[in-house]
Amino acid sequence: MKKAEYKWHAVYVKSRTEKKTLRDLAHKGIEAYLPLRLSKKQWSDRVKMIEEPLLRGYLFVRVSYREHVEVLKPSGVMAFISFGSEPAEIPEKQINDLKLFLEKVNAAVHVTNETAAKGQKVRVVGGALKGIDGEISEIRGKKRIVLRFEKLGCSVFADVETQFIEKVEPLEA
């Protein structure tokens, strides 16, 4: 019997249910990832640091084809993000890079729906983001490394010092 192949997929969840849905999936034994960032919120009487979803309305799940139905059973999951009839796969390298972004420079990571022009492919060789592959883009006059989630229509970016990057030549097809 062939061993099931597990791949990362994005799922759309009901508004403001990301954390609850993550708990529901974990309770079912399904590997899920919710990127969270620290954010400062101010109320009339206090300022507080809270964890909030980086990509509102989305979770990442690592499942085999057979488990797709199980993911849809928790009340918060609306649908898999898909193109055509197949759920869109998210490369494991992108999930790992996103985790590294948030682990190292949580407060300085931002999400944009702006379509940043595709730039030079680079690898970070020093500093807090060492080991991340991405591309350099200049957004609002700042040099930034971009981790692009084209299937979700967004990009995650963080400032990077140019002395910590090296160009990566594109692979020949």
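Residues numbered from 1 in each chain as written. Predicted model: local features only at pLDDT ≥ 70, side-chain atom pairs only at ≥ 80, totals over all residues. Heavy atoms only, no water.

Student: Sorry, what's going on with the nonpolar core here?
Tutor: Considering soluble globular proteins, one finds that nonpolar side chains tend to be buried as a cluster. Membership of the largest hydrophobic core comes to 27 residues, with the highest contact counts inside it found for Phe60, Leu98, Phe101, Ile145, Phe149, Leu152 and Val156. Among the secondary structure elements, those contributing two or more residues to this core are β1 (7–13), α3 (92–105), β11 (121–124), β13 (142–149) and β14 (154–159). Examining the composition of this core, we find that five residues originate from one element, α3, more than from any other. Residues Ile30, Leu59, Val61 and Val63 belong to the second largest nonpolar core, which totals eleven residues. (Core = buried A, V, L, I, M, F, W, Y, C linked by side-chain atoms within 4.5 Å. Buried < 20%, exposed > 50% of the residue type's maximum accessible area, 1.4 Å probe, protein only. Helix = DSSP H or I, 4+ residues; strand = E, 2+ residues; numbered from the N terminus.)

Student: Sorry, what's going on with the packing of aromatic side chains here?
Tutor: Any two aromatic rings considered together are summarised by their centre-to-centre distance and by the angle between their planes. Tallying each qualifying case throughout the model produces two aromatic pairs. Judged by centre distance (6.0 Å) and plane angle (65°), the ring pair of tyrosine 12 and tyrosine 58 falls under edge-to-face. With tyrosine 12 in strand β1 and tyrosine 58 in strand β5 (residues 58–63), this residue pair connects regions lying 46 residues apart in the sequence. Tyrosine 12 sits in the partly exposed class, given a relative accessible area of 39%. Positioned above the aromatic ring of tryptophan 43, the side-chain terminus of arginine 46 is 4.8 Å from the ring centre. Positioned over the ring face of tyrosine 33 is lysine 99, at 5.0 Å from the centre of the ring. (Phe/Tyr/Trp six-rings, centres within 6.5 Å; stacked < 30°, edge-to-face > 60°. Lys NZ or Arg CZ within 6 Å of the ring centre and 35° of its normal.)

Student: So what exactly am I meant to see when it comes to α3 here?
Tutor: The periodicity of an α-helix, 3.6 residues per turn, causes residues three or four positions apart to be oriented the same way. Between its first and last C-alpha, α3 extends 20 Å over 14 residues, near the 20 Å set by a 1.5 Å rise per residue. Those residues of α3 not exposed but buried are Gln94, Ile95, Asp97, Leu98, Leu100, Phe101 and Leu102. (Expected span 1.5 Å × (residues − 1).)

Student: What am I meant to see in the pairing of strand β4 (residues 47–53) here?
Tutor: The two faces of a sheet get side chains in turn, since along a regular strand they alternate between them. Where strand β3 (residues 36–42) and β4 come together, seven bridges link them in antiparallel fashion. Pairing of leucine 36 across the sheet is with proline 53, part of β4. A loop of four residues connects β3 with β4, the two strands running antiparallel in sequence. (Pairing = 2+ DSSP bridges.)

Student: I would appreciate a short explanation of the side chain of glutamate 18 in the present structure.
Tutor: Along the chain, glutamate 18 falls in helix α1 (residues 18–27). At 5.6 Å, arginine 56 is the nearest oppositely charged side chain to glutamate 18, a buried residue that forms no salt bridge. Leave out the neighbours within four places in its chain, and glutamate 18 touches Val13, Leu34, Pro53, Arg56, Gly57, Tyr58 and Leu59. (Lys, Arg positive; Asp, Glu negative; His and termini not counted. Salt bridge = Lys/Arg side-chain N within 4 Å of Asp/Glu carboxyl O. Contact = heavy atoms within 4.5 Å.)

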